[in-house]
Amino acid sequence: MANTKQAKKRARQAEQRRKHNASQRSMVRTYIKRVIKAVQGGDHAQAMDAFKAAQPVIDRIADKDAISKKKAARLKSRLNKRVKALAA
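Nothing here was measured: the structure is a model prediction, and the numbers come from that model. (Residues numbered from 1 in each chain as written. Predicted model: local features only at pLDDT ≥ 70, side-chain atom pairs only at ≥ 80, totals over all residues. Heavy atoms only, no water.)

(A) Quick look at the packing of helix α2 (residues 44–63) against helix α3 (residues 69–87). Here α2 crosses α3 at 175°, and the two axes come no closer than 10 Å. Between α2 and α3, the angle falls in the class roughly antiparallel. Where α2 approaches α3, its residues His44, Ala47, Met48, Phe51, Gln55, Ile58, Asp59, Ala62 and Asp63 are matched on the opposing element by Lys69, Ala72, Lys76, Leu79, Asn80, Val83, Leu86 and Ala87. Residue composition of the contact of α2 with α3, by class: 10 nonpolar, three polar and four charged. (Axes fitted to C-alpha atoms, helices over the stretch in contact; angles between N-to-C directions. Helix = DSSP H or I, 4+ residues; strand = E, 2+ residues; numbered from the N terminus. Parallel < 35°, antiparallel > 145°, perpendicular 65-115°, else oblique. Contact = heavy atoms within 4.5 Å. Nonpolar A, V, L, I, M, F, W, Y, C, P; charged D, E, K, R; others polar.)

(B) Geometry of the nonpolar core. One finds Val28, Val35, Ile58, Ile61, Ile67, Leu79 and Val83 to be the most contacted residues of the largest nonpolar core, which totals 18 residues. Looking at this core element by element, the count peaks at eight residues for α2. Once residues within four sequence positions are removed from consideration, Ile67 is found in contact with Arg25, Ile58, Ile61, Ala62, Ala72 and Leu75. (Core = buried A, V, L, I, M, F, W, Y, C linked by side-chain atoms within 4.5 Å. Buried < 20%, exposed > 50% of the residue type's maximum accessible area, 1.4 Å probe, protein only.)

(C) How the structure looks around α2. When the terminal C-alpha atoms of α2 are compared, their 28 Å separation across 20 residues agrees well with the 28 Å that a helix rising 1.5 Å per residue should span. Along α2, the residues classified as buried are Ala47, Ala50, Phe51, Ala54, Val57, Ile58, Ile61 and Ala62. Its side-chain oxygen at 3.4 Å from the backbone nitrogen of Ala45, Asp43 defines the N-terminal cap of α2. A positive phi of about 65° marks Asp65, the residue just after α2. (Expected span 1.5 Å × (residues − 1). Polar contact = N/O pair within 3.5 Å; in protein donor to acceptor, adjacent residues only side chain to side chain.)

What follows is the structure, encoded as structure tokens:
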């Protein structure tokens, strides 16, 4: 438990950051689900639109370190692979 005034403030800030990061990760998961749903529906155009919308969101959250850059790259790669497989 934090005892000093500074430590208490840092604990408050850490909690705020944790909640914000959780919200951002949730948003990324939602965008990913939209792409997957479009792929499962078999609509290539809709899947492509969903993927194009998801890409900048994933990159932005990775830049803010809510998820790692490598995880972001892995997510985008796997989604792109699914979308491309739909076109073939």
